[in-house]
Structures are given as C-alpha cells and as structure tokens.
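If you want the building blocks of each chain, they are given just below.
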Amino acid sequence: MRKFIILAISLIVLVGVAIPKAKAMDPITIAILAPYAIPVAEVAGQWALKGLVNAAKGLPDIGRDMLELFLLPLGFLEITLGAPFGLFANGCSNIGAGCIAPFRLCFSTIMLVPRLLCLYDSTPLMSSKK
C-alpha cells in the first residue's frame with residue numbers, strides 16, 4: 001500500500017510537467033543582429049569581469065566566518081575542560097564570537113550579490129589615500 005501511495009503521488013507530480021518544445025532562431029536574424037550584439041557583449045564582459053573581481057574580494061570574508069563557526073564548540077570545551085587551566089575567559093570570548101559568526105556568515109553571503117553587481121565595495125569611505 002505504501003509503494004502504491006508513493007507511486008501515485010509521484011505520478012500526480014510528474015504528469016503536470018510538460019515537455020518543452022524546441023524553438024530555433026532563424027540564422028538570418030542572427031546574422032542581422034550580430035553587429036549590434038558584439039559591442040554590447042564587449043561592454044557586458046567588462047562589467048562581468050569587474051563584478052567577479054568584486055565578488056572574489058568577499059570570498060575570504062565568507063571563509064573566515066565559516067571558520068569562526070567552530071569557535072562556539074571550542075569555547076564550550078575551553079569553559080568546561082579548560083577552566084582548571086585558566087582558559088575560562090578565552091572560552092567566553094570564543095563563545096561570543098561563535099554566536100555572532102552565523103549572522104556574519106549570512107550577511108557576507110547575502111552581500112555577494114551586491115558585490116557581483118558592483119553595488120557594494122567594502123573599502124572605507126574616508127580612505128587615507130591622497
């Protein structure tokens with residue numbers, strides 16, 4: 001009976017999926033639009049490269065935040081097992097950093113999209129360059 005229910009549910013779900021039709025573009029249309037598309041693609045390529053470079057600057061932030069997630073269990077170990085050895089204060093600071101790490105990770109991950117679109121730059125507004 002259980003296999004029949006699973007089969008019936010999967011058939012209900014998959015019956016509604018239609019097979020897409022192939023739609024081809026006329027080769028003449030491609031030849032006509034190519035002179036207009038090439039300059040646009042060149043400009044878009046420059047912006048895409050700039051966006052990828054900006055997004056790559058955000059990847060170390062995500063890696064650091066992922067590593068900081070392990071500070072929470074490390075802090076608990078330092079508080080419980082390391083307290084006799086003077087690691088209680090260090091464990092408390094690691095627990096605090098470990099509790100904040102998931103939120104920082106979410107923020108860094110969400111900020112990849114504005115970085116990719118060149119809308120966010122993490123450099124400070126008041127830079128020391130003159």
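For the structure itself, consult the block above.
Reading the values: rules and limits
Residues numbered from 1 in each chain as written. Predicted model: local features only at pLDDT ≥ 70, side-chain atom pairs only at ≥ 80, totals over all residues. Heavy atoms only, no water. Helix = DSSP H or I, 4+ residues; strand = E, 2+ residues; numbered from the N terminus. Buried < 20%, exposed > 50% of the residue type's maximum accessible area, 1.4 Å probe, protein only. Contact = heavy atoms within 4.5 Å. Areas by Shrake-Rupley, 256 points an atom, 1.4 Å probe, with all protein chains shown as cover. Patch = residues over 30% accessible without salt bridge, like charges linked within 9 Å, V, L, I, M, F, W, Y side chains within 5 Å. Salt bridge = Lys/Arg side-chain N within 4 Å of Asp/Glu carboxyl O. Axes fitted to C-alpha atoms, helices over the stretch in contact; angles between N-to-C directions. Parallel < 35°, antiparallel > 145°, perpendicular 65-115°, else oblique. Left-handed = near helix turned anticlockwise from the far one by under 90°. Nonpolar A, V, L, I, M, F, W, Y, C, P; charged D, E, K, R; others polar. Phe/Tyr/Trp six-rings, centres within 6.5 Å; stacked < 30°, edge-to-face > 60°. Lys NZ or Arg CZ within 6 Å of the ring centre and 35° of its normal.

Caption draft 1: Quick peek at the overall build of the protein. Broken down by element type, the protein carries five helices and zero strands. Along the chain direction, N to C, the helices and strands of the protein fall in the order α-α-α-α-α. Counting only residues that meet the buried cut, the protein has 15% of its 130 residues in that class. Sequence separation of at least 24 residues holds for 65% of the intrachain contacts in the protein that already meet a minimum separation of 6. About 10800 Å² of surface is accessible on the protein, with carbon and sulfur atoms providing 77% of the total.

Caption draft 2: Expanded view of a nonpolar patch on the surface. Together, Met1, Phe4, Ile5, Ile9, Val13 and Leu14 give the surface a local cluster of nonpolar side chains, amounting to about 690 Å² of exposed area. Position of valine 13 relative to the elements: it lies in helix 1 (residues 2-15).

Caption draft 3: A look at the packing of helix 3 (residues 71-80) against helix 4 (residues 88-110). The contact between helix 3 and helix 4 brings their axes to 7 Å, and the two run at 160°. When the axes of helix 3 and helix 4 are compared, the pair comes out roughly antiparallel. Handedness of the crossing formed by helix 3 with helix 4: left-handed. Contact residues: Leu71, Leu72, Leu74, Gly75, Phe76, Glu78 and Ile79 in helix 3; Phe88, Asn90, Gly91, Cys92, Asn94, Ile95, Ala97, Gly98 and Cys99 in helix 4. When the residues that make up the contact of helix 3 with helix 4 are grouped by side-chain class, the tally is 10 nonpolar, five polar and one charged.

Caption draft 4: Layout of the pattern of salt bridges. Taken as a whole and assessed by the stated rule, the structure comprises six salt bridges. Where aspartate 61 meets arginine 64, a salt bridge forms, and the shortest distance between an N and an O atom there is 3.5 Å. Here the residue aspartate 61 and the residue arginine 64 both occupy positions in helix 2 (residues 27-68), the gap between them amounting to three residues, near one helical turn. Aspartate 65 is the salt-bridge partner of arginine 104, the closest N and O atoms lying 3.9 Å from each other. In this pair, arginine 104 sits in helix 4 while aspartate 65 sits in helix 2, placing the two residues 39 residues apart along the sequence. Each of Asp61, Arg64, Asp65, Glu68, Arg104 and Arg115 takes part in salt bridges that share partners, so that together they form one network.

Caption draft 5: Broad picture of the packing of aromatic side chains. This structure, assessed with the given rule, holds zero aromatic pairs. The side chain of lysine 50 reaches across the aromatic face of tryptophan 47, ending 4.7 Å from its centre.

Caption draft 6: Looking closely at the side chain of aspartate 65. Note on aspartate 65: relative accessible area 0%, which makes it buried. Every residue in contact with aspartate 65, bar those within four places of it in the chain, is listed here: Ala101, Arg104, Leu105 and Ser108.

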